[in-house]
Amino acid sequence: MALGSAPVSSLPRKRPGALRLASVLALGACLLAACGKSAGPGKSLSPVAEQGAVSVVTGNTSRIGGSDAASDAAAVARSIYPGLTPSSRPEAIVLVDEGSYQTALAASSLASIPLNAPLLFSSGGSLPGVSSEAIENLHPHGDASLGGAQVIRVGSSASVPGKLRTLTLPARAPAAAAAAIAQLLARARGSEPHQAIVVPTGAPRSQLMPVAGLSAQSGAPILFATSAGVPSATAAALQR
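Peer 1: Help me understand the overall build of the protein in this model?
Peer 2: Looking only at helices and strands, one finds eight helices and nine strands in the protein. Sorting the 240 residues of the protein into buried and exposed places 50% on the buried side. Pairs at least 24 residues apart make up 68% of the contacts formed inside the protein by residues separated by at least 6 positions. Of the accessible surface of the protein, which amounts to about 10500 Å², a share of 54% is contributed by carbon and sulfur atoms.

Peer 1: Mind showing me how you'd approach helix H6 (residues 174–189) here?
Peer 2: With 16 residues, H6 ought to run about 22 Å at 1.5 Å a step, and its terminal C-alpha atoms sit 23 Å apart, in line with that. When we look at burial in H6, the residues that qualify are Ala175, Ala177, Ala178, Ala179, Ala180, Ile181, Ala182, Leu184, Leu185, Ala186 and Ala188. Gly190 lies just past H6 and shows a positive phi near 85 degrees.

Peer 1: It is not clear to me how the packing of aromatic side chains should be interpreted in this structure. Could you clarify?
Peer 2: Given two aromatic rings, their pairing is described by the distance between the two centres and the angle made by the two planes. A full pass over the atoms with the stated rule returns zero aromatic pairs. Against the face of Tyr101 rests Arg205, its NZ or CZ located 4.5 Å from the ring centre.

Peer 1: Help me out: how do you make sense of the packing of H6 against helix H8 (residues 232–239) in this one?
Peer 2: Each pair of packed helices gets described by two things: the angle between the helix axes and the distance between those axes. Between H6 and H8, whose axes approach to 8 Å, the crossing angle comes to 25 degrees. As the angle between them shows, H6 and H8 are arranged roughly parallel. For the pair H6 and H8, the crossing hand works out as left-handed. Residues Ala175, Ala176 and Ala179 of H6 form the contact with H8, whose participating residues are Ala233, Thr234 and Ala237.

Peer 1: How should the pattern of salt bridges be read in this particular structure?
Peer 2: Between side chains of opposite charge, pairing is possible as soon as their charged atoms come close. Applying the stated rule across the entire model yields two salt bridges. Residue Glu133 is joined to Arg78 by a salt bridge in which the shortest nitrogen-to-oxygen separation is 3.2 Å. With Glu133 in helix H5 (residues 129–138) and Arg78 in helix H3 (residues 69–80), the pair connects residues that are 55 residues apart, well separated along the chain. Between Glu192 and Arg240 there is a salt bridge, with its nearest N and O atoms 3.8 Å apart. Of this pair, Glu192 sits in the loop between H6 and strand E8 (197–200) while Arg240 sits in the segment after H8, and the two are 48 residues apart along the sequence. Given the relative accessible area of 40%, Arg240 is considered partly exposed.

Peer 1: Looking at this model, I keep getting lost on the nonpolar core. Mind explaining?
Peer 2: It is characteristic of soluble globular proteins that their nonpolar side chains tend to be buried jointly. Of all hydrophobic cores here, the largest spans 62 residues; its most connected members are Val94, Leu120, Leu146, Ile152 and Phe224. Among the elements that make up this core, the one with the highest residue count is H6 (nine residues). Setting aside chain neighbours within four positions, we find Phe224 in contact with Gln102, Leu105, Ala106, Pro174, Ala175, Ala178, Val198, Val199, Thr201, Pro231 and Thr234.

Peer 1: Is there a simple way to think about the environment of Pro118 in this case?
Peer 2: Checked against the element boundaries, Pro118 lands in the loop between helix H4 (101–106) and strand E5 (119–122). Sequence separation of Pro118 and Ser108 is ten residues, and the distance between their C-alpha atoms is 8.5 Å.

Peer 1: Just checking my understanding: could you explain the environment of Ser108 for this structure?
Peer 2: Along the chain, Ser108 turns up in the loop between H4 and E5. A residue is classified by how much of its surface remains accessible, and Ser108, at 2% relative accessible area, is buried. Between the C-alpha atom of Ser108 and that of Gly219, which follows or precedes it by 111 residues, the distance is 8.9 Å.

Peer 1: How do you make sense of the sheet that holds strand E7 (residues 166–169) when you look at a structure like this?
Peer 2: Sheet strands pair by backbone hydrogen bonding; their relative direction is either parallel or antiparallel. With respect to topology, four strands assemble into an open sheet ordered E5-E4-E6-E7, the strand pairing being parallel. Sheet topology places E5 and E7 at the edges, where each strand pairs with a single neighbour. Across the sheet, the mean angle separating the axes of adjacent strands is 25 degrees when strand polarity is ignored. Relative to strand E6 (residues 151–154), strand E4 (residues 93–97) runs parallel, the two being bridged by four bridges. Bridge assignment links Ile93 to a residue of E6, and that residue is Val151. Against the sheet, H6 makes contact with E6 and E7, and its axis sits at roughly 145 degrees relative to E7, the strand it touches most.

Peer 1: Is there a simple way to explain H3 in this structure?
Peer 2: In an α-helix, one turn spans 3.6 residues, which is why side chains three or four residues apart end up on the same side. Between its terminal C-alpha atoms H3 stretches 17 Å, which fits the 16 Å expected from twelve residues at 1.5 Å a residue. Of all twelve residues in H3, eleven are buried; the element is thus mostly enclosed. Here H3 has its buried residues at Ala69, Ala70, Ser71, Asp72, Ala73, Ala74, Ala75, Val76, Ala77, Ser79 and Ile80. With a side-chain oxygen positioned 3.3 Å from the backbone nitrogen of Ala70, the residue opening H3 is Asp68.

What counts, and at which threshold
- Throughout this description, residue numbers start from 1 for each chain and increase along the sequence as written.
- Two thresholds apply to this predicted model, a pLDDT of at least 70 for residue-level local features and 80 or more for giving and counting side-chain atom pairs, whereas whole-chain, interface and lining totals are computed over all residues.
- Only hydrogens and water are set aside when side-chain values are computed; all heavy atoms of the structure are taken into account.
- The numbering of helices and of strands both runs from the N terminus, where a helix is a DSSP run of H or I of at least 4 residues and a strand a run of E of at least 2.
- Burial classification: accessible surface area is computed with a 1.4 Å probe over protein chains only, and a residue below 20% of its type maximum counts as buried, one above 50% as exposed, and the rest as partly exposed.
- Only heavy atoms enter the contact rule, under which two residues are in contact if any of them lie within 4.5 Å.
- Residue-level accessible areas treat just the shown protein chains as cover; the underlying method is Shrake-Rupley with a 1.4 Å probe.
- The span you would expect from a helix comes to 1.5 Å times its residue count less one.
- Paired rings are identified among Phe, Tyr and Trp, the last through its six-membered ring, by centres lying within 6.5 Å, and are further divided according to the angle between planes into stacked (under 30 degrees), edge-to-face (over 60) and tilted (the rest).
- By definition here, charges over rings are those cases where NZ of Lys or CZ of Arg is within 6 Å of the ring centre and within 35 degrees of the ring normal.
- An axis is simply a line fitted to the C-alpha atoms; with a helix, the fit covers only the stretch in contact. Between two such axes, the angle follows the N-to-C directions and lies from 0 to 180 degrees.
- For classification purposes, an angle smaller than 35 degrees is called roughly parallel, one larger than 145 roughly antiparallel, one from 65 to 115 roughly perpendicular, and anything else oblique.
- A clockwise turn of the near helix away from the far one marks a right-handed crossing, whereas an anticlockwise turn of less than a right angle marks a left-handed crossing.
- Salt bridge, as used here, is a side-chain nitrogen of Lys or Arg placed within 4 Å of a carboxyl oxygen of Asp or Glu.
- Here, nonpolar core means buried Ala, Val, Leu, Ile, Met, Phe, Trp, Tyr and Cys residues that are tied together by side-chain atoms lying within 4.5 Å of each other.
- Whether two strands pair depends on DSSP finding at least two bridges between them.
- Within 3.5 Å is the distance limit for a polar contact, defined as a pair of N or O atoms, with the added protein rule that one can donate a hydrogen and the other accept it, and that residues adjacent in sequence qualify only through two side-chain atoms.

These figures come from the coordinates and say nothing about function on their own.
Next comes the structure, spelled out in structure tokens:
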């Protein structure tokens with residue numbers, strides 16, 4: 001599957017509003033695979049922090065609105081995985097630097113089966129308090145196919161709390177990072193995917209944003225092309 005080509009635009013490295021929407025879409029898709037774990041109709045979930053996201057759940061809609069990307073992502077993760085019982089704990093958690101929009105977008109695929117991994121944000125080499133608290137409360141089981149990894153750091157150097165087992169994908173250019181994420185997902189599944197979503201790195205973020213939910217729901221990895229063509233990392237991933 002491929003989105004139509006779009007002109008390359010010079011976008012700022014950080015756009016909190018767009019990141020917030022991407023995190024909610026990516027993690028919100030997990031609700032389809034984890035229904036029944038959120039509060040019932042008409043109930044409110046406790047805010048993650050004093051300034052953080054407050055969730056309101058109605059008949060078939062969960063609404064979360066917070067002050068920043070990290071708070072929103074933590075609120076979504078904790079509403080899906082309360083961490084109070086074995087069945088309400090995720091296999092793993094994905095930690096991504098909020099400054100890398102394309103990498104966070106590609107990491108949305110890890111929210112699909114079998115990892116069902118919620119996405120949390122770091123900020124450079126530091127871990128926001130809401131992300132740290134979420135990691136401590138989610139109690140990830142650890143995925144056996146990934147060496148028991150409980151936290152998957154993608155382009156993030158932030159330290160995680162406790163003695164959780166960590167797997168790290170180093171920071172790379174968007175196409176290379178997306179290909180590495182696709183390989184990791186195939187490793188967790190034990191097989192290569194039958195579909196991939198190829199998008200242009202320079203497309204407006206408003207066009208790229210819905211791809212996060214599609215990838216999280218379908219499990220199709222996100223790969224990148226550029227205005228100059230198909231990067232070697234993307235070509236190799238498609239060949240596999």
